[in-house]
Amino acid sequence: MADKPNIILIMTDQQRYDSISALGYPYAHTPNIDAMIEKGVALTNCHITAPSCVPSRASLFTGYYPHTTGVLANGQKWQRTWVESLRDAGYRCVNVGKMHTIPYNSDSGFHERYVVENKDRYMEGRWYFDEWDKALAAQGLVKQQREFYRERADYRERLGCFDWELPENMHSDAFVGDMAKWWVETYPPTEPLFLQVGFPGPHPPFDPPARYSDRYLKRNDLPLPKPTKEELDSLHQELKDKRQHDVEVDHDSVVWSLDPSEDQMQRLWAHYLGNVTLIDEKVGELLASLKERGYLEDAIVIFTSDHGECLGEHGLIQKWSMYDIVTRVPTVIWSTAGRFEGGRTVDGLCQLFDLGPTILDYAGITPPNTFEAKTLRPALEGKDWTPRTHVFCEQIGDVAMAGGTEFMTGVRSDRWKLVHFKGSTDGQLFDLENDPKEVRNLWSDPDHQDHKRELLDVMRDWLIESNFKTRDVMAAAR
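The structure displayed is predicted, hence computed values, not measured ones.

## Side note on the overall build of the chain
What the chain contains, in helices and strands, is 15 helices and 16 strands. For the chain, the C-alpha atoms occupy an extent of roughly 60 × 55 × 45 Å along the three principal directions. Of the contacts formed within the chain by residues at least 6 apart in sequence, a portion of 70% connects residues at least 24 apart. In the structure as shown, the chain presents an accessible area of about 18500 Å², 49% of it carried by carbon and sulfur atoms. Looking at charge distribution, the chain has the averaged site of its 54 positive side-chain charges lying 2 Å from that of its 75 negative ones.

Written out as structure tokens, the structure reads:
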């Protein structure tokens, strides 16, 4: 084995844990990701630190919680990453696709960046032309986008679901997969390599070519969410406001419905899963090219996502909430040279940003002792490893968060979850053992006040410890 393995980090955007067949969702057609899971180690309880793209990614690529980075919502500037350490250690560092740095084109430690951003950039970076925009323009094409979708008579009924009608290879996920494959097949082989590939999907608009969604439209067994009136009435006021907000404001070309029909829900899930299948196809092609060029002779290959997605559960769409379908992400780590045994799971709690020090660890780099993220190497290698007792998540008010909610903080143990809303006397408390779908809110239940108090204390102590541990992180800026 080499001193420094090649490291391949493949990330999707807004992909739920339960969108992959090998992770227990048999309705999905994901043979290539399934094969990675069969050969690698699946982290079945990996949770993000923020329920939206920019803060989650800033946390992952720095090793700190959002309140430490100061990046707590989309649109906030961030660009410094631990990729700089890989570059300094001799890695060739390449990004193809989405990183979602702000500014989009900062080098962020990479030697080369081929930036492809969100499919829909109506609110943010609208006039930034990425590699995908340029490729479309070179063919005299303009990407499908909100302005065009709004012209459709059925726009409000589509729930963000559309067919990709331009050439199939010009779909953002096909384009990113093909460009990553082109780089691997074109650039003279160099080792060690750190390659980050960021697929923009299955983030909305939900717009795969029709052949991908058709297989799911024809299924009559998809377990579509059907929240009860009792649950909808019991939602926190912030989430009730968000439901209404998402009907009135079309974020990412999605106009939500307070009472979607079964046909609408079938289409929503079919288009989402179709986009996942498209990505899976491109992952398989990329891995084949990496193998052909010799990069997989000794590599650490990671597949994950920046957060999940509500697709009708709890009457909600998209992210910006702290249910497990948003906070829990599919994560698999595979050693192609047998550095650790594959074909197994690690079920203890961990956080997405723990991938950062894990990558540095395998690259022979000692992570800074101020990192709040922790290496997963002992867990991967079957050595003594203590899972996190609690995972944490936080988010400030965003363009898509409704009402007066300024800040949400979540804490989750193996069994219990609490969500605190700044300025509200109400919150969320769920017993995940007896209520895994997080339907019954126990916040005001007199029989569970001890659990609420315990988790509030854990949240307080976490913030105190975090502030103490990271007190010198900004020393160079003082």
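## Details of the sheet that holds strand β15 (residues 416-421)
Sheet strands pair by backbone hydrogen bonding; their relative direction is either parallel or antiparallel. With antiparallel pairing, the four strands of this open sheet are ordered in space as β13-β14-β15-β16. Since the sheet does not close on itself, it has two edges, and those belong to β13 (391-396) and β16 (427-431), each with one partner. Taken pair by pair, the neighbouring strands of this sheet meet at an average axis angle of 10°, ignoring direction. By the bridge criterion, six bridges tie β13 to strand β14 (residues 407-412) in an arrangement that is antiparallel. What sits directly across from C393, in β14, is G410.

## A word on empty space enclosed by the protein
Inspection of the entire model under this criterion finds three cavities of 30 Å³ or more. What lines the largest cavity is a set of 13 residues, among which T327, V391, C393, R412 and K417 lie closest to the centre. Listed by contribution, the elements that provide at least two residues to the lining of the largest cavity are α12 (324-327), β13 and β14. Classifying every residue of the lining of the largest cavity gives six nonpolar, four polar and three charged.

## Things to note about the pairing of strand β6 (residues 193-202)
Among the ten residues in β6, ten count as buried, and that is most of the element. By the bridge criterion, six bridges tie strand β1 (residues 6-13) to β6 in an arrangement that is parallel. Considered in β6, the bridge of I10 is made with V197. Where strand β4 (residues 92-97) lies against β6, six bridges are found, and the strand directions are parallel. Counterpart to C93 in the pairing with β6 is F194.

## A short note on the nonpolar core
With 50 residues, the main nonpolar core has F61, W82, L86 and F194 as its most contacted residues. Taken together, the elements giving at least two residues each to this core come down to β1, β2 (41-43), α2 (53-60), α4 (83-88), β7 (299-305), α13 (355-362), α14 (377-380) and β15. At four residues, the largest contribution of residues to this core is made by α13. With 40 residues, the next largest nonpolar core counts F175, W183, I279 and V301 among its residues.

## Points about the sheet that holds strand β5 (residues 112-115)
The sheet built from eight strands is open, its strands ordered β5-β4-β6-β1-β7-β10-β2-β11 with mixed pairing. The sheet terminates laterally at β5 and β11 (344-346), the two strands that pair on one side only. Neighbour-to-neighbour, the strand axes of the sheet open up by a mean angle of 15°, direction not taken into account. Of the pairings in the sheet, the one linking β2 to strand β10 (residues 332-335) comprises two bridges and is antiparallel in character. Paired with V41 across the strands is I333, a residue of β10. Helix α7 (residues 172-186) contacts β4, β5 and β6 of the sheet and is inclined by roughly 165° relative to β6. Packed onto the sheet, helix α11 (residues 262-292) meets β1, β6, β7 and β10 and runs at close to 160° relative to β6.

## Regarding the layout of surface pockets
Taken as a whole, the largest pocket encloses approximately 770 Å³ of empty space. Lining of the largest pocket is provided by 27 residues; of these, E313, H314, I325, P436 and K437 occupy positions nearest its centre. For the lining of the largest pocket, the secondary-structure elements that each account for two or more residues are α9 (229-234) and α12. Counting residues per element, the lining of the largest pocket draws most heavily on α9, at three residues. Approximately 660 Å³ is the volume found for the second largest pocket. Considering the residues around the second largest pocket, the lining is formed by 24 residues, among which T62, Y64, R80, T81 and V473 are closest to the centre. When contributions to the lining of the second largest pocket are tallied by element, the ones reaching two or more residues are α3 (66-69) and α4. Across the lining of the second largest pocket, the residue classes break down as 14 nonpolar, seven polar and three charged.

## Brief notes about α13
Across the eight residues that make up α13, a large majority, seven, are buried. The set of residues buried in α13 consists of L355, G356, P357, T358, I359, L360 and Y362. Of the residues one or two after α13, G364 is the one with positive phi, at around 80°.

## What to know about the side chain of N74
Tracing the sequence through the fold places N74 in the loop between α3 and α4. A distance of 2.9 Å separates the side chain of N74 from the backbone nitrogen of V54, its partner in a polar contact. If we skip the residues at most four places from it in the chain, N74 touches S52, C53, V54, P55, E124, K319, W320 and D398.

Cut-off values and rules
Residues numbered from 1 in each chain as written. Predicted model: local features only at pLDDT ≥ 70, side-chain atom pairs only at ≥ 80, totals over all residues. Heavy atoms only, no water. Helix = DSSP H or I, 4+ residues; strand = E, 2+ residues; numbered from the N terminus. Contact = heavy atoms within 4.5 Å. Areas by Shrake-Rupley, 256 points an atom, 1.4 Å probe, with all protein chains shown as cover. Lys, Arg positive; Asp, Glu negative; His and termini not counted. Charge placed at Lys NZ, Arg CZ, Asp CG, Glu CD. Pairing = 2+ DSSP bridges. Axes fitted to C-alpha atoms, helices over the stretch in contact; angles between N-to-C directions. 1 Å grid on protein atoms, 1.4 Å probe; cavity = no way out; pocket = protein on both sides within 12 Å on 5 of 7 lines; lining within 4 Å. Points joined across faces, edges and corners; volume = space filled by probe spheres on them. Nonpolar A, V, L, I, M, F, W, Y, C, P; charged D, E, K, R; others polar. Buried < 20%, exposed > 50% of the residue type's maximum accessible area, 1.4 Å probe, protein only. Core = buried A, V, L, I, M, F, W, Y, C linked by side-chain atoms within 4.5 Å. Polar contact = N/O pair within 3.5 Å; in protein donor to acceptor, adjacent residues only side chain to side chain.

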